[in-house]
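Examining the three-dimensional arrangement
This is what each chain is made of:
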Amino acid sequence: MTAAELTIGQLSERSGVAVSALHFYEAKGLLSSRRTGGNQRRYARDSLRRVAFIRAAQRVGIPLAMVREALAQLPDARTPTRADWARLSAAWRGELDARIRQLTTLRDALSDCIGCGCLSMRRCALANPGDVAATVGPGARRFDERRPCRTRNS
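Residues numbered from 1 in each chain as written. Predicted model: local features only at pLDDT ≥ 70, side-chain atom pairs only at ≥ 80, totals over all residues. Heavy atoms only, no water.

**What to know about the pairing of strand β3 (residues 41-44)**
To be explicit about the condition: Whether two strands pair depends on DSSP finding at least two bridges between them. For helices the rule is a DSSP run of H or I covering at least 4 residues; for strands it is a run of E covering at least 2, with both sets numbered from the N terminus onward.
Where strand β1 (residues 5-6) meets β3, two bridges bridge the pair, whose relative direction is antiparallel. Counterpart to glutamate 5 in the pairing with β3 is alanine 44. Bridging between strand β2 (residues 34-35) and β3 involves two bridges; their strand directions are antiparallel. By the bridge assignment, arginine 34 is partnered in β3 with arginine 42. What sits between the antiparallel neighbours β2 and β3 is a turn of five residues, in which asparagine 39 has the positive phi angle 65 degrees.

In structure tokens form, the structure reads like this:
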């Protein structure tokens, strides 16, 4: 091992990220290592900055898929710099603003919802935004959770 490399335990300890999370990041293409003759992972020292970048993006709610796309934009898979963070985080601003608007709408509508399961009520902005259940007929309807949430104002 060279002085410029870290074991997975050292990377975990220095970054404060669990070994299992580092394995996960590597499996998702966010982090890379080389293998020794004994099949042990070795990470370049700049992996610390890459892990810090990933964690900072996660803390503000950026999905790992978007982090991977951002890191893929960097030439030669290099570690992001402060300027890279500024540029990439600016690109996420619209996504974060949309989430903030959605959460604000949900928070403001929360007082109207008593969790009664009234999926066809026109006022239920949480379970039935825009009264979409009315378009598929009478009675209770199951909504596809993967579909983007719509608010009363959209």
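Having seen the model, we can carry on.
**Overview of the confidence of the model for the protein**
Selection criterion: Every residue carries a pLDDT, the predictor's confidence in it, which falls somewhere between 0 and 100. Contacts are assigned to residue pairs that have any heavy atoms within 4.5 Å of one another.
Considering every residue of the protein, the mean pLDDT works out to 79; 70% of them sit at 70 or more. Between the elements of the protein, mean pLDDT differs from a low of 85, seen in helix α5 (residues 82-109), to a high of 96, seen in helix α2 (residues 19-27). A low-confidence stretch, residues 144-154 (pLDDT under 50), is modelled with 11 contacts involving residues beyond four sequence positions or located in other chains.

**What about the sheet that holds β3?**
Read across the sheet, three strands follow the order β1-β3-β2 without closing on themselves; strand pairing throughout is antiparallel. Taken across any chain shown, the strands that pair with only one partner, and hence form the sheet edges, are β1 and β2.

**Quick notes on unusual backbone geometry**
Residues apart from glycine generally show negative phi values, whereas peptide bonds are mostly found in trans. For asparagine 39, which is not a glycine, the phi torsion comes out positive at approximately 65 degrees. Looking at the element boundaries, asparagine 39 is found in the loop between β2 and β3.

**Some details on the packing of aromatic side chains**
For the record, the criterion: Within 6.5 Å between ring centres, the rings of Phe, Tyr and Trp (the latter by its six-membered ring) count as paired, and their orientation is classed by plane angle as stacked under 30 degrees, edge-to-face over 60, tilted in between. Any residue under 20% of the maximum accessible area for its type is buried, any over 50% is exposed, and the rest in between are partly exposed; the area is computed with a 1.4 Å probe on protein chains only.
Under the criterion given, the structure shown has three aromatic pairs. Judged by centre distance (6.1 Å) and plane angle (55 degrees), the ring pair of phenylalanine 53 and tryptophan 92 falls under tilted. With phenylalanine 53 in helix α3 (residues 47-59) and tryptophan 92 in helix α5, this residue pair connects regions lying 39 residues apart in the sequence. Taking the relative accessible area as the measure of exposure, phenylalanine 53 reaches 5% and is therefore buried. The exposure class assigned to tryptophan 92 is buried, which follows from its relative accessible area of 5%. Considering the side-chain rings of tryptophan 85 and tryptophan 92, the 5.8 Å spacing of their centres and the 75 degrees angle between planes classify their relative orientation as edge-to-face. Members of the aromatic cluster, joined through ring pairs, are Phe53, Trp85 and Trp92.

**Re the pattern of salt bridges**
For clarity, the cut-off: The term salt bridge refers to a pairing of a side-chain nitrogen on Lys or Arg with a carboxyl oxygen on Asp or Glu at a separation within 4 Å.
Inspection of every chain in the model, using the stated rule, returns five salt bridges. Across the pair aspartate 84 and arginine 87 runs a salt bridge, and its minimum N-O distance is 3.4 Å. Of this pair, aspartate 84 and arginine 87 both sit in helix α5, three residues apart, roughly one helical turn. Here arginine 87 falls in the partly exposed class, since its relative accessible area comes to 43%. Between arginine 99 and glutamate 95 there is a salt bridge, and its shortest N-O distance comes to 2.9 Å. Here the residue arginine 99 and the residue glutamate 95 both occupy positions in helix α5, the gap between them amounting to four residues, near one helical turn. Residue classification places glutamate 95 among the partly exposed positions, given a relative accessible area of 32%. One network of salt bridges, in which partners are shared, links Arg78, Asp84 and Arg87.

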